[in-house]
Structures are given as structure tokens and as C-alpha cells.
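# Residue-level structure breakdown
What follows is each chain in one-letter form.
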Amino acid sequence: MQEILNNSMRYILHAPEQLHCTIDLPASKSISNRALVIHALSGSSILPENLSDCDDTEVIVNALRDMPEVIDIKAAGTAMRFMTAYLSVTPGTHILTGTERMCHRPIKILVNALRYLGAHIEYVGEEGFPPLRIKGRNLEGGSLEVPGSISSQYISALLMIGPSLRNGLELKLTGNIISRPYIDLTLHTMHDFGVRVEWTDIDTIKTEHQQYQHREYVIENDWSASSYWYEIMALSDGIDNEIKLTGLVDGSRQGDSVVRYLFSMLGVKTTFENTEPGVPATVTLKKVRQHLPRLDYDFINQPDLAQTFVVCCALMDIPFHFKGLSTLKIKETDRIEALKKEMRKLGYVIKDANGSELLWDGERCDASFEPIDTYEDHRMALAFAPLCIKIPGLSINNPQVVSKSYPAFWSHLRQAGFSIEEQDV
């Protein structure tokens, strides 16, 4: 893992004329991070197999293995939320910290929820933000209400420690529930490790005090990572182009597996070589000539796909109106503002509304084609890179941010025939 991202590097990208490649996708970061925390709570010494090799997963692996007094999770938001809950029920005192941006990402709702359950957590600096000093101990548990509109990672963090609480956990989600597939993915992973946890009502989840079971566990590959290859296929012109992606599960619990249906509306056909439930298979992507003239979609359950579809639709000249994007403002960067600014460089005027919507009606502006800035946000680099198909010589600053979720992305692009010129700036 890179300790410091190289902010003085720029990549200049050119696409191949044809696409015929097989890409071994990375393992799912979302499943890896859940399985690691549950594995640690089970007391098993056998790590899950096919773990993601990304930064976000590596910081959790290192933290759980070494358990130092000061745990630095860098820019990994998932690790901050999951480890806050895990350390609350684990003996010992630790300070949990991260990058400067991480120390400005809110965590008060999760801390308040854990304190209500009996956790001993103090703010080292500013109230409501990391770093945190956490003294682990046995917690009583019980019934708890949290807003359903907060990051699903808060909810998942609470759920995973639920079986460790003396009275279990009954979690009621108030208001509008966002990113429900990520909550369901957590429940599914908990089931895989032998505990009972269920939705008991449309807004309530309950788990009893019980012990996670030791399991041999293999992580499936990442549907989120596949989205950039779908984008590449959608932007490409060759009807004979073909991309094969390995290790994807038909009927996956990953929320971003909806990408196959969304891209079918943008002219990409998906074929599984094997549709046996739960069995990883190779998927073939092909281009078809028909696509929707406009795309309206609510990303409330798949916010990490928003950047991909904003840039892809604009470059395909497909007007759009995307909703459900309120969490984009508290990600690695304010993704709504970052998208608007960077798309202007390419000549597209993207507008926002209500703090949770992005829309484009076809309005254009003069393009500067300045290098795309990535704002220490992996998904900015990943989503914009495919645009070199339409904009030869597209350049991207600080490209190594992809290590947060997809470290092999640039080598995979080269494998697919893309030309990448490295430039010091």
C-alpha cells in the first residue's frame, strides 16, 4: 500500500482501436471488509480467501493483525466506521485516526449510537470527527434508533457487533433508508458466518447474542470494479469489441451488481458463462446499437456508481437526471462539486439540485481539456479514465488514487491495449 499518494504524477491516456481482452477483476472490497471484521469477531485464525488487495482492505488487515495503540486507517472510510464499532467491543485502548480529509468526515451519529449501547469513546480533537480514543469493553446492547438516511456503513458497523452484545441488538432505522443493498450485504455475510439476523419489520433489524462460527470463506469479485469496463464498452464504437470479466456472481448481493441492468439501457449486453447461484463466472460484454435517448435513475441504493454514469452519459450525449446522491458530499471528496468542475473542463455543464441530484440537459460550454483532478478520490480517476476513448490524450492528475479500491486498474488498461504515458508535473 502506498503510504503517500504521488501528487506530482500525471497519466496521458489513449484508447486502442479494438477491444478484445479478459480482465481478472479484483475481489469485492465491500465483502472483504465485512468478512474481515466478522472473522475477527469469530476468533478464527484462518483469513477469508481472495481478499481484496486494495488500500481500504489492507488497512483493516493490518489493524486487526497488529492492533497497535494508534491505528491509522488512512483514507478508508469503511475502515473508520467498521473499526470504531469493532474496537468498542474488543479489549484494549486504541486511538483511531486517518488522513486530514478523514478527520473532517463526520462520525458523530455512529459514536453517539455506540455510546448509547455503553461504549467508551472520546474525541481526541474536534467534537464529532476523528481521531477517536476507544476503550473496548463488553456492551449490554438492546434497542437503538438511528437515521436510515446516514451512511449505510454506520448501520453495518453496528449490525456486525450486534451478536457480541449481551442483549443482542434491535436496530430501528428512522426516516428514508438509503443504500439498503449494502445493509442486506452485511446481513448476508453475517448469515454466512452462522448467526441469525433478520429484518423483523420494514425498518427494523434484530440479532440475538450469539457466537459467529469459524468458516472457510471465499470472496467473490467486485461488481463496482466491473462498472468501469462496462463504461469502456458503452463508450467504444466497435460492434465487434468484446470484454470478458472474471469471477462475477449472477444474483450477487452486491448492490452495484445492478450495473449490468443499467448499462443494458446504454447499449451493453451481458452474457454469463454460468448462471449457477452463488458460483463465480466469467461475464462477456458486447456492444449493441440501441440505447435509451435519456436516463433518469435514483442512485439511493448505489451511490458509488454515480460518477461512472454522469461522465458516461454525457460523453454518449444522453441527457440524464440522477437522484439519491446526498451521500456524495461526504465521500472522499464532495463528489457533486468535483463532477461539475471536472466535466466543465471537457465542455459539459452539469447542474445539481437539492443537494442530492445531478442533471444534464445537453448544455455545453467551451472545453479547456485541462488535466482531470482526482481530489484524492479513487472513483474520480476510475470513472474519467475511459473517456479517453472519446477524448484521445485525456490526462489525469494523481492517478495512483485508484489503489484505494482497484490497484491493478492501470495495468489492466494496458493489458486491454490502452496507451498510458507517465508524466511528472
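The text that follows walks through the structure, step by step, so that each part is easy to find. (Residues numbered from 1 in each chain as written. Predicted model: local features only at pLDDT ≥ 70, side-chain atom pairs only at ≥ 80, totals over all residues. Heavy atoms only, no water.)

## Quick notes on the nonpolar core
Ranked by internal contacts, the top residues of the largest apolar core, which has 76 residues, are Trp-229, Phe-309, Phe-384 and Trp-410. Looking at this core, the element that brings in the most residues is helix α7 (residues 223-235), giving nine residues. Ignoring anything within four residues of it in the chain, the contact list for Trp-410 reads Tyr-11, Leu-13, Ala-381, Ala-385, Ile-396, Pro-399, Gln-400, Val-402 and Ile-420. By size, the runner-up hydrophobic cluster in this structure holds 62 residues, among which are Val-111, Leu-171, Leu-173 and Tyr-212. (Core = buried A, V, L, I, M, F, W, Y, C linked by side-chain atoms within 4.5 Å. Buried < 20%, exposed > 50% of the residue type's maximum accessible area, 1.4 Å probe, protein only. Helix = DSSP H or I, 4+ residues; strand = E, 2+ residues; numbered from the N terminus. Contact = heavy atoms within 4.5 Å.)

## Details of the environment of Leu-339
Examined against the element boundaries, Leu-339 turns out to sit in helix α10 (residues 335-345). Under the relative-accessibility criterion, Leu-339 is labelled buried at 0%. Sequence separation of Leu-339 and Pro-131 is 208 residues, and the distance between their C-alpha atoms is 29 Å. Sequence-distant contacts of Leu-339, that is, excluding residues within four places in its chain, are made with Gln-307, Val-310, Val-311, Leu-358, Met-380 and Phe-384.

## Side note on the packing of helix α3 (residues 77-88) against helix α5 (residues 152-161)
The geometry of α3 relative to α5 is characterised by a closest axis approach of 8 Å and an angle of 35 degrees between their N-to-C directions. Relative to α5, the crossing made by α3 is right-handed. Contacts between α3 and α5 involve Gly-77, Thr-78, Arg-81, Phe-82, Ala-85 and Tyr-86 from the former and Gln-153, Tyr-154, Ser-156, Ala-157, Met-160 and Ile-161 from the latter. Across the contact of α3 with α5, the residue classes break down as seven nonpolar, four polar and one charged. (Axes fitted to C-alpha atoms, helices over the stretch in contact; angles between N-to-C directions. Left-handed = near helix turned anticlockwise from the far one by under 90°. Nonpolar A, V, L, I, M, F, W, Y, C, P; charged D, E, K, R; others polar.)

## Side note on unusual backbone geometry
Residues Pro-130 and Pro-131 are joined by a peptide bond in cis, for which omega reads 0 degrees. Mapped onto the elements of the fold, Pro-131 is located in the loop between β5 (120-123) and β6 (132-136). Of note in the backbone geometry, Glu-376 takes a positive phi value of approximately 55 degrees without being a glycine. Here Glu-376 falls in the partly exposed class, since its relative accessible area comes to 45%.

## Some remarks on the sheet that holds strand β7 (residues 142-147)
Taken together, four strands build an open sheet; the order of strands is β7-β8-β10-β9 and the sheet is mixed. At either margin of the open sheet sits one strand with a lone partner, and together these are β7 and β9 (197-201). Averaged over all pairs of adjacent strands, the angle between strand axes in this sheet comes to 25 degrees, irrespective of strand direction. When β9 meets strand β10 (residues 204-207), the two strands line up antiparallel, connected through four bridges. Opposite Asp-201, over in β10, you have Thr-204 as the bridge partner. Running at roughly 165 degrees to strand β8 (residues 169-174), α5 makes contact with β7, β8 and β10 of the sheet. Against the sheet, helix α6 (residues 180-192) contacts β8, β9 and β10, and its axis sits at roughly 135 degrees relative to β9. (Pairing = 2+ DSSP bridges.)

## A short note on the sheet that holds strand β2 (residues 20-23)
Strands sit in the order β2-β11-β13-β12 across an open sheet of four strands; the sheet is mixed. Of all the strands in the sheet, just β2 and β12 (268-272) have a single pairing partner and so form its edges. Within this sheet the neighbouring strands show an average axis-to-axis angle of 20 degrees, counted without direction. Here α7 sits on the sheet in contact with β2, β11 (242-248), β12 and β13 (281-287), set at roughly 170 degrees to β11.

## With respect to the environment of Thr-78
With respect to the secondary-structure elements, Thr-78 resides in helix α3. C-alpha of Thr-78 to C-alpha of Thr-57: the two residues are 21 residues apart in sequence and 8.9 Å apart in space. In this view, Thr-78 contacts Lys-29, Asn-33 and Gln-153; residues no more than four positions away in its chain are not counted.

## Brief notes about the environment of Cys-54
Here Cys-54 shows up in the loop between α1 (29-42) and α2 (55-66). Expressed as a C-alpha distance, the spacing of Cys-54 and Ala-119, which sit 65 residues apart in the sequence, is 30 Å. Setting aside residues no more than four positions away along its own chain, Cys-54 makes contact with Lys-29, Ser-403, Lys-404, Ser-405, Tyr-406 and Pro-407.

## A word on α6
Here α6 contains 13 residues, and its C-alpha end-to-end distance of 18 Å stays within 8% of the 18 Å for a straight helix at 1.5 Å per residue. Among the residues making up α6, those that are buried are Pro-181, Tyr-182, Ile-183, Leu-185, Thr-186, Leu-187, Thr-189 and Met-190. In the core, the buried residues of α6 are packed alongside α1, α5, β8, β9 and β10. Just downstream of α6, Gly-194 is the residue with a positive phi angle, here 85 degrees. (Expected span 1.5 Å × (residues − 1).)

## Overview of the pairing of β7
Remark: a regular strand shows side chains that alternate across the two faces of the sheet. Summarising the sheet, β7 and β8 pair through six bridges and their orientation is parallel. Looking at the pairing, Pro-147 lines up with Thr-174 of β8. Between the parallel pair β7 and β8, the chain is carried across by α5, and the sense of this crossover is right-handed. (Right-handed = clockwise from strand over helix to strand, strands pointing away.)

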